[in-house]
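Listed below, chain by chain, are the residues.
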There are 2 protein chains.
Amino acid sequence: MTDPGAVSDRSNRLLRALMRLPVDMPPVWLMRQAGRYLPEYRALRAAAGSFLAMCQTPELACEVTLQPVRRFPLDAAILLSDILTVPDAMGLGLTFVEGEGPRFERPIRDRHDVARLHVPDPFAELRYVPDTVRRVRRELGGLCPLIGFSGSPWTLATYMVEGQGSDDFRRVKGLLFSDPAALTSLLAILSDAVTAYLNAQIEAGAQAVMIFDTWGGTLAAHHFLRYSRDPMAAVVEGLNRRRDGVPVPVVVFTKGGGAWLPALAETGCDALGIDWMTALASAREATGGRVALQGNLDPMALYAPPERLKAEVEAVLADFGGGAGHVFNLGHGVRPDVDPEQVGLCIDTVHAVSRRPLP
Amino acid sequence: MTDPGAVSDRSNRLLRALMRLPVDMPPVWLMRQAGRYLPEYRALRAAAGSFLAMCQTPELACEVTLQPVRRFPLDAAILLSDILTVPDAMGLGLTFVEGEGPRFERPIRDRHDVARLHVPDPFAELRYVPDTVRRVRRELGGLCPLIGFSGSPWTLATYMVEGQGSDDFRRVKGLLFSDPAALTSLLAILSDAVTAYLNAQIEAGAQAVMIFDTWGGTLAAHHFLRYSRDPMAAVVEGLNRRRDGVPVPVVVFTKGGGAWLPALAETGCDALGIDWMTALASAREATGGRVALQGNLDPMALYAPPERLKAEVEAVLADFGGGAGHVFNLGHGVRPDVDPEQVGLCIDTVHAVSRRPLP
């Protein structure tokens, strides 16, 4: 394993921790750290007209990506984008209905729809993404690393088949039960598409990548392995894990996947995202140090009184228990109406606890 | 342990399996087996005027409880009721808004609201429940046992504080963070109320009881133990576990609690409900035969083509792996628009597999 750099500061704390190398303190970043809770985000979003326009304009996407790392001493920037850009590039017609979330004009309903799909060329149909990555890297100038990301094949498939969010996943599970071969084909195409998409982000300069499996946790255990874990393993297998001789760590995060961490570690990833329902100590025991762990403060703790927020942050750090291989994060994204002061306090607390002399 | 009866048939298969005694085949019942998917339920519900009126009229609640055990060879009846009857009896004013679910007119917002709460007398303010239990037992005449139930203290608290369903539990977690003592008081009152409510059901004739912890799985692990598991343990501790010398088994079901099964077994219950995301084999390994397991077909499998439904039922049975201590069930309730034929096929498949000679 190549050491990504000897100094532990914002420039490489994240990459070292993801590779389970020693760091001076756990790196901190927060899912949805570039988001609506920041007034500067809301201003830019209003000017952009729509969320998709903001994602698809490298200048704006870059600016939004940088906002939280300017305001807070975060150890990583994460690309501002949406997990549904890949199916959008496949021709499904992504729109966002205000207050209702994403919707596809042309959802996938059967094997004929699957047969018409193609793997998009990320440098053509998704060109705004590598363009944004290059721009962010240039603007960051080594301050901290940039994380690229994608939805997992299963999670993309759920939206593509449901046509929108769902609370029971009846359509996509309907396909699983009635035509498992069609679902398997869809997941194979998506595995190829996600692999190409993440490799394009790596080629453009993403220094770590994360696969968000938002809906893997809705599957029965045996279906999870086959329809969510295995396609993610295929993606991890196909990724370029180094760029210019430096490792590019891969994080896999299945929300609600706490019972399946050993199976997720078998994807070959470097780190696992851990939701707030899973104790880090149990996660560490279950994975036996084979992967780094990223998480896992309950996002609702950002609404707690300051003293209680600090106690909850300390509980997360104590639960991991020290040593290499921990990236501090939430167990899910920052909510849109969180007070930015609370985000600052959360980060400061991680730093303060880490600087505290040992008892 | 007293053997609840020597013959394995509908009259005692469930109770034997919950006590981990040998049975000729796994007993089968389904959460929400008395529900909208049955045309006879919809007819009675329409005549009753409202869901609450149906629950609160022993004659109607009894009839609905019996409908599925008349139609299908199920091994248990489960009381038709709602988990929110207890907070309703505490004076919160339960209503059901069509298409939106339950709502309380007077939710709990702070310690002052908590201080005003009383533990309802189940034989007075909830009298329709023991009355229904007695009536069902009389009508069943020993055909199969009757299961009583209650929501868990934490799950009742979530609805009482949120005032309705929630997707982020911000208010109840807000109370947890801002005034944990108030939440603890609320849970103590609810533990007493749930204990008295279940004991009243047992006294009236319920032969097993189940605690539904629908929302325990939304908590961080350390909060789960304190605010959901511990209050359930207090309830289990206070239950009358025998009636007329016969054991009354207790089932605890935390949806999304797959990672916490050993901690849940420590409540002292006889059996754990298992959701469909948790493999029965892992659950069995994690609990080491200390409790029976109830579950865990994905409710969406009831929409699958018949051959596939049969395969999924067989997979559940194979996952448990045979031997004593399995109660076949779904991992969550029957959906309102499931075809009753599919429910019949599901039950028949459990029976057919169990009668199959060993290979």
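Counting of residues starts from 1 at the beginning of each chain's written sequence and follows it residue by residue. A letter from A marks each chain and a number from 1 marks each ligand, given out in the order of writing. Local features are withheld for residues below a pLDDT of 70 in this predicted model, meaning they are given only at 70 or higher, and side-chain atom pairs are given and counted only at 80 or more; totals for whole chains, interfaces and linings count all residues.

Undergrad: Sorry if this is basic, but what is going on with the overall build of chain A here?
TA: Helix numbers and strand numbers start at the N terminus; a helix is a DSSP run of H or I with at least 4 residues, a strand a run of E with at least 2. Each helix and strand in chain A was counted, giving 15 helices and 11 strands. Structurally, chain A occupies a C-alpha span of about 65 × 45 × 45 Å along its principal axes. A buried classification covers 55% of the 359 residues belonging to chain A. Relative to all contacts within chain A whose residues are 6 or more apart in sequence, the contacts with residues 24 or more apart total 70%. Exposure is read from a count of other C-beta atoms within 10 Å of each residue's own; the residue is exposed at 12 or fewer, buried at 20 or more and partly exposed in between. C-beta atoms are placed from the backbone. Distance between backbone-placed C-beta atoms decides contact: two residues are in contact if it is within 7 Å.

Undergrad: What am I meant to see in the relation of the copies chain A and chain B here?
TA: What relates the two chain copies is a rotation about an axis together with a slide along it. After a rotation of 180 degrees and a shift along the axis of 0.0 Å, chain A superposes on chain B with an RMSD of 0.0 Å. Within this description, the copies of the chain are treated as partners about a two-fold rotation axis. Taking C-alpha positions as the reference, the residue of chain A nearest the rotation axis is alanine 259 of chain A, at 2.8 Å. In this comparison the copies share one frame, found by least squares on the C-alpha atoms of residues holding pLDDT of at least 70 in both.

Undergrad: Can you walk me through the pairing of strand β10 (residues 292-297) of chain A in this structure?
TA: Every regular strand shows the same layout, with side chains that alternate between the two sheet faces. All names here are of chain A. Most of β10 is tucked away, with 6 of its 6 residues classed as buried. For two strands to count as paired, DSSP must find a minimum of two bridges between them. In this structure, strand β9 (residues 271-273) lies alongside β10, joined through 3 bridges in parallel fashion. By the bridge assignment, glycine 273 is partnered in β10 with glutamine 294. Once the chain exits β9 it traverses helix α13 (residues 280-287) before rejoining the sheet at β10, and the crossover so formed is right-handed. Judged from the 5 bridges that link them, β10 and strand β11 (residues 326-330) form a sheet pairing that is parallel. Bridging from a neighbouring strand, glutamine 294 pairs with valine 327 of β11. The definition of a right-handed crossover adopted here requires that, viewed with the strands pointing away, the path from the first strand over the helix to the second runs clockwise. Handedness of the crossover is the feature at issue here: the chain leaves β10, passes through helix α14 (residues 306-320), returns alongside β11, and the resulting connection is right-handed.

Undergrad: Could you clarify how one ought to interpret the packing of helix α14 (residues 306-320) of chain B against helix α15 (residues 340-355) of chain B in this entry?
TA: How two helices sit against one another is set out by the angle between their axes and by the gap between those axes. Residue and element names in this part refer to chain B. Where α14 meets α15, the closest approach of the two axes is 9 Å, and the angle between their N-to-C directions is 45 degrees. Relative to α15, α14 is oriented oblique. Our pair here, α14 against α15, has a crossing hand that is right-handed. Every residue of α15 that contacts α14 at Pro306, Leu309, Lys310, Val313, Glu314 and Leu317 is listed here: Gln342, Leu345, Cys346, Thr349, Val350 and Val353. Here the axes come from fitting lines to C-alpha atoms, over the contacting stretch only for helices, and the angles between their N-to-C directions go from 0 to 180 degrees. For classification purposes, an angle smaller than 35 degrees is called roughly parallel, one larger than 145 roughly antiparallel, one from 65 to 115 roughly perpendicular, and anything else oblique. Handedness of a crossing is defined here by the sense of rotation of the near helix relative to the far one, left-handed for an anticlockwise turn of less than a right angle and right-handed for a clockwise turn.

Undergrad: Could you clarify how one ought to interpret the interface of chain A and chain B in this entry?
TA: Reports often express the size of an interface as the amount of accessible area lost when the parts come together. Counting residues at the interface gives 28 residues for chain A, matched by 28 residues for chain B. Elements represented by at least two residues in the side of chain A that touches chain B include exactly α9 (170-178), α11 (221-238) and α14 of chain A. At 5 residues, the largest contribution of residues to the side of chain A that touches chain B is made by α9 of chain A. Lys, Arg, Asp and Glu make up the charged group, whereas Ala, Val, Leu, Ile, Met, Phe, Trp, Tyr, Cys and Pro make up the nonpolar group; the residues left over, Gly among them, are polar. Residue classes in the side of chain A that touches chain B are distributed as 15 nonpolar, 8 polar and 5 charged.

Undergrad: What am I meant to see in the sheet that holds strand β4 (residues 146-151) of chain A here?
TA: Hydrogen bonds between backbone groups are what pair the strands of a sheet, and the pairing can be parallel or antiparallel. Residue and element names in this part refer to chain A. Read across the open sheet, the 7 strands follow the order β1-β4-β5-β8-β9-β10-β11; overall the sheet is parallel. Strands with a single pairing partner mark the edges of an open sheet, and in this sheet they are β1 (77-78) and β11. In this fold helix α10 (residues 180-204) packs onto β4 and β5 (208-213), with an angle of close to 170 degrees to the strand it touches most, β4.

Undergrad: Looking at this structure, how should I read unusual backbone geometry?
TA: Peptide bonds are mostly trans, and most non-glycine residues show a negative phi. Here the amide bond leading from glycine 295 of chain A into asparagine 296 of chain A is cis, since omega sits at -5 degrees, within 30 degrees of zero. In this structure, asparagine 296 of chain A sits in strand β10. A positive phi is found at phenylalanine 169 of chain A, a non-glycine position, where the angle reads about 60 degrees. Along the chain, phenylalanine 169 of chain A turns up in the loop between α8 (153-162) and α9. At aspartate 244 of chain B, a position not held by glycine, the phi torsion is positive, near 55 degrees. For aspartate 244 of chain B, a count of 6 C-beta atoms within 10 Å puts it in the exposed group.

Undergrad: Looking at this model, I keep getting lost on the packing of helix α8 (residues 153-162) of chain B against helix α9 (residues 170-178) of chain B. Mind explaining?
TA: All names here are of chain B. Their axes nearest at 7 Å, the elements α8 and α9 cross at an angle of 105 degrees. Looking at the two axes, α8 sits roughly perpendicular to α9. The residues of α9 that touch α8, namely those facing Ala157, Thr158, Val161 and Glu162, are Arg171, Val172 and Leu175. Here the contact of α8 with α9 is built from residues that sort into 4 nonpolar, 1 polar and 2 charged.

Undergrad: Can you help me understand α13 of chain A in this one?
TA: An α-helix turns once per 3.6 residues; consequently, residues spaced three or four apart project the same way. All names here are of chain A. Where α13 is concerned, the buried positions are Leu280, Ala283, Arg284 and Ala286. Angular distribution of buried residues about the axis of α13 spans 165 degrees; they occupy a single face of the element. Looking at the buried residues of α13, the elements they touch are α12 (261-265), β10 and α14. Immediately beyond the C-terminal end of α13, within one or two residues, lies glycine 288, with a positive phi of roughly 55 degrees. The directions from the helix axis to the C-beta atoms are what the arc is built from.

Undergrad: Is there a simple way to explain the pairing of strand β2 (residues 94-97) of chain B in this structure?
TA: All names here are of chain B. In the sheet, β2 pairs with strand β3 (residues 101-104) via 4 bridges, with the strands oriented antiparallel. The residue bridging threonine 95 from the neighbouring strand is arginine 103, located in β3. Counting the residues in the hairpin turn of β2 and β3 gives 3 residues, including glycine 99, whose phi is positive at 80 degrees.

Undergrad: What's the story with the sheet that holds strand β11 (residues 326-330) of chain B in this structure? I'm lost.
TA: All names here are of chain B. Strands sit in the order β1-β4-β5-β8-β9-β10-β11 across an open sheet of 7 strands; the sheet is parallel. A strand with exactly one partner marks an edge of an open sheet, and here the two such strands are β1 (77-78) and β11. Judged from the 2 bridges that link them, β1 and strand β4 (residues 146-151) form a sheet pairing that is parallel. In the sheet register, isoleucine 78 faces β4, and the bridge partner there is isoleucine 147. Strands β1 and β4 of the sheet are contacted by helix α7 (residues 128-140), whose axis makes an angle of about 155 degrees with β4.

Undergrad: What is the right way to read the environment of cysteine 269 of chain B from this model?
TA: Residue and element names in this part refer to chain B. Structurally, the position occupied by cysteine 269 is in the loop between α12 (261-265) and β9 (271-273). Considering only alpha carbons, one finds cysteine 269 and serine 178, 91 residues apart in sequence, at a separation of 32 Å. Beyond its immediate stretch of four places on either side in the chain, cysteine 269 contacts Val236, Val250, Val251, Val252 and Val291.

Undergrad: Sorry if this is basic, but what is going on with the environment of glycine 217 of chain B here?
TA: Positionally, glycine 217 of chain B belongs in the loop between β5 (208-213) and α11 (221-238). Residue class for glycine 217 of chain B comes out buried when judged on the 20 C-beta atoms lying within 10 Å of it. It is 29 Å that separates the C-alpha atoms of glycine 217 of chain B and glutamine 342 of chain B, two residues lying 125 residues apart in sequence. Excluding residues that lie within four positions of it along the chain, glycine 217 of chain B makes contacts with Met277 of chain A together with Thr254, Lys255, Gly256 and Gly257 of chain B.

Undergrad: Can you help me understand the environment of histidine 351 of chain A in this one?
TA: Residue and element names in this part refer to chain A. Relative to the helices and strands, histidine 351 is located in helix α15 (residues 340-355). Of the residues examined, histidine 351 has 15 C-beta atoms within 10 Å and is grouped as partly exposed. Along the backbone, histidine 351 and valine 28 are 323 residues apart, and their C-alpha atoms lie at a distance of 8.9 Å.

Undergrad: Sorry if this is basic, but what is going on with α8 of chain B here?
TA: All names here are of chain B. Burial within α8 is extensive, with 10 of its 10 residues counted as buried. Residues of α8 that are buried include every one of Pro153, Trp154, Thr155, Leu156, Ala157, Thr158, Tyr159, Met160, Val161 and Glu162, and no others. At the C-terminal side of α8, glycine 163 shows a positive phi close to 85 degrees.

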